[in-house]
Amino acid sequence: MDHWKDIFALADIPPLGARVVHCGGVDIAIFRAADDEVFALEDRCPHRGGPLSQGIVHGRRVACPMHNWNVELKSGCAVAPDEGCAREFGVRVEDGRVMLDLSTIGRAAA
Amino acid sequence: MDMSTPLERAHRMKLVMVGNGMAGVRTLEELLKLAPGLYDITVFGAEPHPNYNRILLSPVLAGEQTVDDIILNPTGWYADHAIRLHLGKKVVKIDRAARCVEAEDGTRAEYDRLLLATGSRPFVLPVPGADLAGVISFRDIADVDAMIRASSRYRHAVVVGGGLLGLEAANGLMKRGMDVTVVHLGPWLMERQLDEPAARLLQKSLEEKGMKFLLRKQTAGMIGGERGRVTAVRFKDGDTVPADLVVMAVGIRPSTELAESAGLHCNRGVVVNDTMQTFDPRIYAVGECAAHRGVAYGLVAPLFEQAKVCANHLAEHGIGRYPGSVTSTKLKVTGIDLFSAGDFTGGEGTESILYSDPIGGVYKKLVLKDDKLVGGVMIGDTADGAWYFALLRDGKNVSGLRDHLMFGQDHCGNLGHQGINRAATMSDDMEVCGCNGVCKGDIVRAIREKGLFTLEDVRRHTKASSSCGSCTGLVEQILAATAGGDYSAAPKTKSVCGCTDRTHEEVRAAIRQNRLLTIPQVMAFMEWRTPNGCASCRPALNYYLVSTWPGEAEDDPQSRFINERAHANIQKDGSYSVIPRMWGGQTTPAELRRIADVAEKYAVPTVKVTGGQRIDLLGVKKEDLPRIWADLDMPSGHAYGKALRTVKTCVGSEWCRFGTQDSTQMGIDLEKAFFKMWAPHKVKLAVSGCPRNCAEVAIKDVGIIGVDSGWEIYVGGNGGIKTEIAQFLVKVKTADDVLEYSGAFLQLYREEARYLERTVHYLDRVGLDYVKKTILDDAEARRALYGRLMFALSVERDPWVERAREGKLRHEFETFHA
């Protein structure tokens, strides 16, 4: 499917780490969990816009570096009692390459 | 919300709870958080109301709140969680063989697990006339209703019992317009919580409000009138006092009849072990009905601690023990501040500090034993109650605070909230937490609407006191004033974080004794609950590993907070700041030229001189960092790290006409010796060349003052939220001594402090005497400490050089475009 774009190798992200991709005017943080599952969120904390990509990844969450909000990697939503969500994007790993779903980004940018 | 099907529910284990009060329902709430679908739950409550805040019955009686205000879990909450709720049904029988309970009206429920939360009942004096109409106790909403009804029809009220509950009842009835007399057997009021002077002062302020007292009076009986209603109370000495309403508040007894009838072991409460289990392993008990290690608690904080442990075991997690609690008391009578905790009487082996101002209505007594606060009683001014209670609970060594202790926390230098320390006098729009912009009204609303009881809850929901923590005492006061008499106290020994029950000390010992070298090893060895920790424990573990096994344990960048991973400070807009190191605050024209060139080349928006005698380049893009470091060609300033920051110096004897020592050179030597040192928290040093102290060494972690005959070393200063003046450690002769003693102190701190504990807090915990004993009295230990520090630093490299010149962790600074 041509709306899946090859971004970089899975090995380019350290386990429990993140990389940023600039795409269509949006900064997208791509996270790698301990079990190599990847997640893509807009790189903006729902709290005050802190770069989530710079946070500490733990389990299926990332702690924002600004004020330590915890955000679910899967949904982009802040862990209760905090409220708000970062946009999430389609992403998957294929043959060791990280593929981003451009169609979800177009929708977000629109 | 329970979304499961009836069939799913049918296959669940059955949990029955007898008693629908605060401790029981809190247990269910904790259980639902841990294991939402594990049980099919049935609750029996003898009262016709859902769970309400019993602590706030006093304000309801006083007309300050309504019954609706104090409901904690409306019936909808039970429905949302598919809990079968039987209100107004008193359970009278437990059939342990058939595992089933039965209520008065014949309603039956089978159980796999049974939770007894039957609470307590008021003790009624066995005197003639105790069963007359108009003689009641003060325990539930029905009692409050009866009192409110009586207050509108009758005039004379007598409260038997001058304890906490009795005085609150008396105050409420007085507010409702009744003429109230408090009868008390003891020589003074609240003798279990107050000493005599405090009680006299309390009595005086209550008398000023119109309350009357009869002390040392033993109640002999109630005299009834024509319609079977009480008309007077008679005493043993023959006196009588008119009464249309008598409130018995002479104490409570755990409600154990049901448990006893089922053959469960009871001894002043249903006896439970540290997991809140009774002698029947299927049956648990929490709250006022439970006797734990011989104590049945009647305050909410311990009950909630019990609830947490019990829920954990009901959820089959099987971890967590309840070790008992230290409690404190506050009186909920508007306009009267009273606080009491621990052993306030004193006695052999204790010392008391007293403050008494009878005209101003203030009395304070603090009891110390072995340099620790063991008890206190305060009336008239209780603003520092929470602080004293924390000192007491944590068993902190207060020898250093002794002179100021009586005058409270603010007296020990506390900036940031302009001396406002009385929650009650604050209006709703006044700011409490300056870091997170949280006002009093926000906190009160969150406590009311979300039913919060603990400081942790308030922090999670409002963020108040979750950053710098300086407003913690104020938040605790607001919590106490809003949610009731006391709040749940944090346990004495702190676990590292929510991922484990292990303490910092246990983790460190395990790392050392078992030669653990990686974070996954530590987590596996210490049975962490989460697969890879959280943003609190991972940085702590990483520090413990690299500081315990320098050169062997590998640093884990993913467990470093971003500043320490990027080796620059992240700013609010996501850009970074760069502070190169200037040894001892001394620089050269060549360095300044390079800094200027870099600032222009990379269009650095702000260049600022820092408080630590260096230059800060602010607003740098992350991807530019490695090239900027290369162009600067200066060492990392570690301004971003829990590490050695600056060594601030004055000019010293080289130029200054007053200087007695070469402080600049001493500073440079110290900074070069300890460069690259990671620590539990940031570490700042300063060196002054004479006692005029232009380098401000009194607020540094290690401060050196040059005097004619050598150098004085001070430790544990802090210039942050709370100004802490460094304490004198030792005077030494030579510059080499300064290095050795300072280094030994820092290594001791590195080896023993908890992660994120500044030197002052470490010293508070272990005491300066201990530090002196370790590094002054034992030259061998001192040299060994210094040797370990030198070894750790010898394997550490300059992170800027590694990244700028050797391409280490290049991915951290790259961005992609797609």
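Residues numbered from 1 in each chain as written. Chains lettered and ligands numbered in written order. Predicted model: local features only at pLDDT ≥ 70, side-chain atom pairs only at ≥ 80, totals over all residues.

Q: How do you make sense of the overall build of chain A when you look at a structure like this?
A: Along the backbone of chain A there are one helix and ten strands. In sequence order, the secondary structure elements of chain A are arranged as β-β-β-β-β-β-β-β-β-β-α. Expressed as a percentage of its 110 residues, the buried residues of chain A come to 45%. (Helix = DSSP H or I, 4+ residues; strand = E, 2+ residues; numbered from the N terminus. Buried ≥ 20, exposed ≤ 12 C-beta atoms within 10 Å, placed from the backbone.)

Q: How do you make sense of helix H2 (residues 22-34) of chain B when you look at a structure like this?
A: Along an α-helix, a turn takes 3.6 residues, which lines up residues three or four apart on a common side. Residues and elements named next belong to chain B. Taking 1.5 Å of rise per residue, the 13 residues of H2 would be expected to cover 18 Å, and the 18 Å separating its terminal C-alpha atoms lies within 8% of that figure. Within the sequence span of H2, burial applies to Met22, Ala23, Gly24, Val25, Arg26, Thr27, Leu28, Glu29 and Leu31. Packed against the buried residues of H2 are strand E1 (13-18), strand E2 (39-45), strand E7 (113-116) and helix H9 (300-314). (Expected span 1.5 Å × (residues − 1). Contact = placed C-beta atoms within 7 Å.)

Q: What should I look at first to understand the interface of chain A and chain B in this one?
A: Contact residues are listed per partner, giving 25 residues for chain A and 19 residues for chain B. Elements that contribute at least two residues to the side of chain A that touches chain B include exactly strand E1 (4-9), strand E2 (17-23) and strand E5 (56-58) of chain A. Per-element tally for the side of chain A that touches chain B: the top contributor is E2(A), with six residues. Here the residues of the side of chain A that touches chain B are counted per class, giving 15 nonpolar, seven polar and three charged. Pairing geometry for E2(A) and strand E37 (residues 816-817) of chain B, over two bridges, is parallel. Bridged to A:Val21 within E37(B) is B:Phe816. (Nonpolar A, V, L, I, M, F, W, Y, C, P; charged D, E, K, R; others polar. Pairing = 2+ DSSP bridges.)

Q: What should I look at first to understand the confidence of the model for chain B in this one?
A: Regions with low pLDDT carry predicted coordinates that are not meant to be interpreted in detail. Of the residues in chain B, 95% reach a pLDDT of 70 or more, and the chain-wide mean stands at 90. Reported for the predicted complex are a pTM of 0.70 and an ipTM of 0.92. (pLDDT = per-residue confidence, 0-100.)

Q: Explain the nonpolar core here, please?
A: Buried together is how nonpolar side chains tend to be arranged in soluble globular proteins. Membership of the largest hydrophobic core comes to 120 residues, with the highest contact counts inside it found for A:Ile30, A:Phe31, B:Ile713 and B:Phe745. Counting only domains with at least three residues in this core, you end up with domain 4 (504-560) and domain 5 (642-797) of chain B. When residues no more than four places from it in sequence are discounted, the contact partners of B:Ile713 are B:Val702, B:Ile704, B:Leu729, B:Val730, B:Val732, B:Val738, B:Tyr741 and B:Ser742. One finds B:Ile41, B:Ile283, B:Tyr284 and B:Ala307 within the second-largest nonpolar core, a separate group that totals 71 residues. (Core = buried A, V, L, I, M, F, W, Y, C linked by C-beta atoms within 7 Å. Domains from an automatic or database assignment.)

Q: Would you mind going over the sheet that holds strand E15 (residues 240-242) of chain B with me for this structure?
A: The pairing of strands in a sheet comes from backbone hydrogen bonds and takes either a parallel or an antiparallel form. All names here are of chain B. In spatial order, the strands read E13-E14-E15; together these three strands make up an open sheet with antiparallel pairing. Each having just a single partner strand, strand E13 (219-224) and E15 make up the two edges of the open sheet. Strand-to-strand twist in this sheet, taken as the mean axis angle between neighbours without regard to direction, amounts to 25 degrees. (Axes fitted to C-alpha atoms, helices over the stretch in contact; angles between N-to-C directions.)

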